[in-house]
Amino acid sequence: MARCFRSLLIAITSLWMLSSLIRSSDAAGIATYWGQHTDEGSLEDACRRNTYDYVNLAFLINFGGGQTPELNLAGHCEPSDCSSLSSEIKACQSRGTQVLLSLGGAPNLSSADDAKEVASYLYNNFLGGKSENRPLGDAVLDGIDFHIQAGKRDFLDDLAKALSEYSTSERRVHLSAAPQCFYPDYYLDAAIRTGLFDYVWVQFYNNPPCQYSMGNANNLFYSWSSHWASYPGVNKLFLGLPASPEAAPSGGYIPPRVLIREILPYVRGYPNYGGVMLWNAFYDENYSQAIRPYINPETLACDRKSMLKSPSNCDIKIKSYVTK
């Protein structure tokens, strides 16, 4: 009995380690936001957890209409000089974690040409371009996230198109969006419909009509299946959730046990399922660690019953997945 338990423990540990290390483009993953709490730890600390595949730096505000864009990382650094984060960004990327810059605040784009100018600014100051005063130093971010909940919605689709034109065969400019689950999203609908966004992490929280509430997932399931899973332009669809009850004052928190047993088996059944987004790193004490082994359906080939019945076969399945 002790030997069987020991084999089970080893298999479960291997499963968690495997799901933490996988960073393939096809695998589902976990995204989060970092930068809105001074006491959330460093960016590198967040990546050291080995639970995040994507980290959005929140936020860049004041863009469009001749405004001077400004980093607002809640006291982690001075807005005009956050070059101290350069080494941390590179450390995250060396672990296989994509680091994106999240656009927040209230955009004020006045035309398609204005959108192209903002795209040029973003490319030269944060992506693969060149500028004498790069706010994050010489680190090259992996892409741009659209987290727009205020301001003008005009020409955000043009901004996405202009940014995508900077992608090359050597380096892709990844685009992501964080729309509200209420369908369609007022600010990001036109942009998402361009089909240019690699990742769409829908906020299924702070929105009672389409979120999990008091043990009932019907509204969430309906929104996921009837609206977002078939939404034109959505390539990889993520379930956006609060990492704790305090992270979403208007609700939407799902206990990890419920997410694992009831929610993930449902959303994983859709072909464009991409994983889970958690708001945010500050509130994530151990939520991402608890759900990490269950994000990728492939890693669940070795369930508890198969581990108990034949741990050696389960080990073979785990090893075969590593080689893919």
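Residues numbered from 1 in each chain as written. Predicted model: local features only at pLDDT ≥ 70, side-chain atom pairs only at ≥ 80, totals over all residues. Heavy atoms only, no water.

### With respect to the state of the cysteines
Disulfide: a covalent bond formed between the sulfur atoms of two cysteine residues.
Part 1 of the reasoning: Counting across every chain of the model gives three disulfides.
Part 2 of the reasoning: A sulfur-sulfur distance of 2.0 Å marks the disulfide that ties Cys 47 to Cys 92. With the S-S bond torsion at 100°, the cross-link from Cys 47 to Cys 92 turns out right-handed. One end of the pair, Cys 47, is in helix H2 (residues 43-48); the other, Cys 92, is in helix H3 (residues 86-94), with 45 residues separating them in the sequence.
Part 3 of the reasoning: One disulfide in the model links Cys 181 with Cys 210; its S-S distance is 2.0 Å. When the S-S torsion is 75°, as for the bridge of Cys 181 with Cys 210, the disulfide is right-handed. Here Cys 181, found in the loop between strand E6 (174-177) and helix H6 (189-192), pairs with Cys 210, found in the loop between strand E7 (199-203) and helix H7 (218-228); they are 29 residues apart in sequence, far enough to count as distant. (Disulfide = S-S within 2.5 Å. Helix = DSSP H or I, 4+ residues; strand = E, 2+ residues; numbered from the N terminus.)

### Comments concerning the packing of helix H4 (residues 112-126) against helix H5 (residues 156-164)
Any two packed helices are characterised by the angle at which their axes cross and by the distance between the axes.
Part 1 of the reasoning: At a minimum axis separation of 8 Å, H4 and H5 run at an interaxial angle of 45°. Comparing their axes, H5 and H4 come out oblique. Like other packed secondary-structure pairs, H4 and H5 cross with a definite hand, here right-handed. Between H4 and H5, the residues in contact are Ala 112, Ala 115, Lys 116, Val 118, Ala 119 and Leu 122 and Asp 158, Leu 159, Ala 162 and Leu 163, respectively.
Part 2 of the reasoning: Considering only residue class, the contact of H4 with H5 consists of eight nonpolar, no polar and two charged. (Axes fitted to C-alpha atoms, helices over the stretch in contact; angles between N-to-C directions. Parallel < 35°, antiparallel > 145°, perpendicular 65-115°, else oblique. Left-handed = near helix turned anticlockwise from the far one by under 90°. Contact = heavy atoms within 4.5 Å. Nonpolar A, V, L, I, M, F, W, Y, C, P; charged D, E, K, R; others polar.)

### Digging into the confidence of the model for the chain
Part 1 of the reasoning: Mean pLDDT over the chain works out to 88, with 84% of the residues at or above the 70 mark.
Part 2 of the reasoning: The low-confidence segment residues 301-324, where pLDDT is below 50, has 28 contacts with residues more than four positions distant or belonging to other chains. (pLDDT = per-residue confidence, 0-100.)

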